[in-house]
Number of protein chains: 2
Amino acid sequence: MFTEDGYDKTSLREIAEKLGVTKAALYYHFPTKDDIVSSLIEQRIAAVDALLDWAEAQPRDSATRREFLERYAVLHDEFVHENVIRFFERNQTLINTLPAGKRMREQMMRVFALLTDPSDSLTQQLRRALALFSIHASWFLLRERPGTPEERRAAALEVASELLRSADAPAGEDADPAG
Amino acid sequence: MFTEDGYDKTSLREIAEKLGVTKAALYYHFPTKDDIVSSLIEQRIAAVDALLDWAEAQPRDSATRREFLERYAVLHDEFVHENVIRFFERNQTLINTLPAGKRMREQMMRVFALLTDPSDSLTQQLRRALALFSIHASWFLLRERPGTPEERRAAALEVASELLRSADAPAGEDADPAG
DNA sequence: GTCTATATAAGGATAGAC
DNA sequence: GTCTATCCTTATATAGAC
């Protein structure tokens, strides 16, 4: 409901009705509206933290980034991950205002820091960011198309890998801006 | 304010206060909250419609798509375009619920239809969608980096062109998924 | 752990004077 | 065209019985 209609437009009354209980019962389990979101993201936050811990202990090179992205894409196939990402993509302003949103933002910055290097050019950083976005948004970008979730994941990872490889290549080798 | 805090979290009272008038005065100029958004997007809708009219009269080929994207990127440098896009990216659920949002969605689908071909593979469609997203999101993705708006635009267009070219290439030529 | 009932605040939107 | 004052609805959240 938060993803489809928006966090602000989804009232606790509606949630309670859908659950077949009253608002008061809902408040017993979730002291605030934010706590509902928090409970939804716990599993994902923990899984990505673990993946980041692993990656940050590896050599800081292309191979690690590549493998990180592959494992990240596998995670993303799980229901909870895709839904958390879709929720925050559709309610981006919550990343600044909601406590649970701030945790997501900080973790995402950690992911981005892993994928990029301070010496990267703007073009390289953009490619790396788009690689991540390719995985996040493949569901949305390809939803009109026929295809299984597996096919979509494969396409997302293929394009993401291509972008990472392009970002790793020496400048000028991969593109001809004037062409 | 809509972009930073969210459309729903920004009240007409806050807007009126910022303008130094009362809510009632605001309502004189904008009968509904949606009309405020509508007034903001008019200029962009018209400009992109004109660009689409031009492109749809051209041959449906790679050169047209490439030139469309370049002209689209130039448009995007204008304050109003970047801000409209940022507004809808940060308030995506409004694309379904707000009348002004529906107009934006329909136009975006027209843009996407121009860039893609029904015979495209999932990978190709994803590349084309990311090309568009590269231009839309370069501000956001690169905001932490030093660089002028011109440099960001150049980087966005370079990556976008690269993605379009990669999507145009015959399958298997541009990537090695197993590598 | 769930209920009924209610507190309290804020929202979008209007009426009517000036 | 702007104001004061207000309507009506909904929201998050709480109190207290069962």
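What counts and what doesn't
- Residues numbered from 1 in each chain as written.
- Chains lettered and ligands numbered in written order.
- Predicted model: local features only at pLDDT ≥ 70, side-chain atom pairs only at ≥ 80, totals over all residues.
- Heavy atoms only, no water.
- Domains from an automatic or database assignment.
- Contact = heavy atoms within 4.5 Å.
- Buried area = accessible area lost by both parts, 1.4 Å probe.
- Salt bridge = Lys/Arg side-chain N within 4 Å of Asp/Glu carboxyl O.
- Near = heavy atom within 4 Å.
- Polar contact = N/O pair within 3.5 Å; in protein donor to acceptor, adjacent residues only side chain to side chain.
- Helix = DSSP H or I, 4+ residues; strand = E, 2+ residues; numbered from the N terminus.
- Nonpolar A, V, L, I, M, F, W, Y, C, P; charged D, E, K, R; others polar.
- Axes fitted to C-alpha atoms, helices over the stretch in contact; angles between N-to-C directions.
- Parallel < 35°, antiparallel > 145°, perpendicular 65-115°, else oblique.
- Left-handed = near helix turned anticlockwise from the far one by under 90°.
- Least-squares fit on C-alpha atoms with pLDDT ≥ 70 in both.
- Buried < 20%, exposed > 50% of the residue type's maximum accessible area, 1.4 Å probe, protein only.

Asks: Give me the lowdown on the domain arrangement of chain A, citing residues and values where you can.
Replies: Residues and elements named next belong to chain A. What the domain assignment reports for chain A is domain 1 (1-31) and domain 2 (41-168). Centre-to-centre, using C-alpha coordinates, domain 1 lies 29 Å away from domain 2. At the interface, five residues of domain 1 touch seven residues of domain 2. Contact between domain 1 and domain 2 buries roughly 560 Å² in total, counting both sides, with carbon and sulfur atoms accounting for 51%. The three residues of domain 1 that bury the most area against domain 2 are T3, E4 and Y7, which together make up 82% of that side's buried surface. The tally of links from domain 1 across to domain 2 stands at one salt bridge.

Asks: Go over the protein's contact with DNA strand C with me, naming the residues and quoting the values.
Replies: Around DNA strand C, the surrounding shell holds 15 residues, and the nearest of these are T22 and H29 of chain A together with L12, Y27 and K33 of chain B. The contact atoms of DNA strand C, taken as those within 4 Å of the protein, divide so that sugar and phosphate hold 58%. For DNA strand C, a phosphate oxygen lies 2.8 Å from a polar atom in the backbone of T22 of chain A. Taking K33 of chain B, its side chain carries an N or O atom lying 2.8 Å from a phosphate oxygen of DNA strand C. Those elements that place two or more of their residues in the surface near DNA strand C are α3 (23-29) of chain A together with α2 (12-19) and α3 (23-29) of chain B. When residues in the surface near DNA strand C are grouped by element, the largest group, four residues, is from α3 of chain A. Split by residue class, the surface near DNA strand C holds seven nonpolar, five polar and three charged.

Asks: So what's going on with the packing of helix α5 (residues 62-76) of chain A against helix α9 (residues 122-141) of chain A? Which residues, and what values?
Replies: Residue and element names in this part refer to chain A. Running from N to C, α5 and α9 cross one another at 20 degrees; their axes reach a closest spacing of 10 Å. By the angle between their axes, α5 is roughly parallel relative to α9. Relative to α9, α5 is oriented so that their crossing is right-handed. The residues of α9 that touch α5, namely those facing R65, L69, Y72, A73 and H76, are R128, A131, L132, I135 and H136. A breakdown of the residues in the contact of α5 with α9 according to their chemical character gives six nonpolar, two polar and two charged.

Asks: Talk me through the protein's contact with DNA strand D; I want residue IDs and the actual numbers.
Replies: The immediate surroundings of DNA strand D are formed by 15 residues, with K23 and Y27 of chain A together with T22, Y28 and H29 of chain B found nearest. In the model, a base nitrogen of DNA strand D is placed 3.0 Å from a nitrogen or oxygen of the K23 of chain A side chain. Interatomic distance of 2.7 Å between a side-chain N/O atom of H29 of chain B and a phosphate oxygen of DNA strand D. Secondary-structure elements contributing two or more residues to the surface near DNA strand D are α2 (12-19) and α3 of chain A together with α3 of chain B. If you tally residues by element for the surface near DNA strand D, the top one is α3 of chain B, at four residues.

Asks: Can you tell me about the interface of chain A and chain B, naming the residues and giving the values?
Replies: The extent of an interface is frequently quoted as the accessible surface area lost upon association of the parts. Opposite the 50 residues of chain A that make contact, chain B presents 50 residues. A buried area of about 4,100 Å², summed over both sides, lies between chain A and chain B, and 58% of it is on carbon and sulfur atoms. If you sort the residues of chain A by the area they bury against chain B, L122, L126 and R145 of chain A come out on top, with a joint share of 17%. One can count six salt bridges joining chain A with chain B. A salt bridge links E158 of chain B to R127 of chain A; the nearest nitrogen and oxygen atoms lie 3.7 Å apart. The interface formed by chain A and chain B contains 12 residue pairs in polar contact (both at pLDDT 80 or more). Those elements that provide at least two residues to the side of chain A that touches chain B are α1 (2-5), α6 (79-90), α7 (94-97), α9 and α10 (149-168) of chain A. Among the elements that take part in the side of chain A that touches chain B, α9 of chain A stands out by supplying 11 residues, more than any other.

Asks: Can you lay out the relation of the copies chain A and chain B for me, pointing to particular residues and giving the numbers?
Replies: The transform that puts chain A on chain B rotates by 180 degrees and translates by 0.0 Å along the axis, for an RMSD of 0.0 Å. What the rotation and shift describe, once combined, is the action of a two-fold rotation axis. A shared interface surface links the copies, since 100% of the contact residues of chain A are contact residues in chain B too.

Asks: A description of the pattern of salt bridges should follow, citing residues and the corresponding values.
Replies: Residue and element names in this part refer to chain B. Tallying each qualifying case throughout the model produces 28 salt bridges over all chains. Among the salt bridges present, the one from R103 reaches E42, with a minimum N-O distance of 3.0 Å. Of this pair, R103 sits in helix α8 (residues 99-115) while E42 sits in helix α4 (residues 33-56), placing them 61 residues apart in sequence. In this structure R103 comes out as partly exposed when scored by relative accessible area, which is 33%. On the basis of relative accessibility, which here comes to 36%, the residue E42 falls in the partly exposed class.

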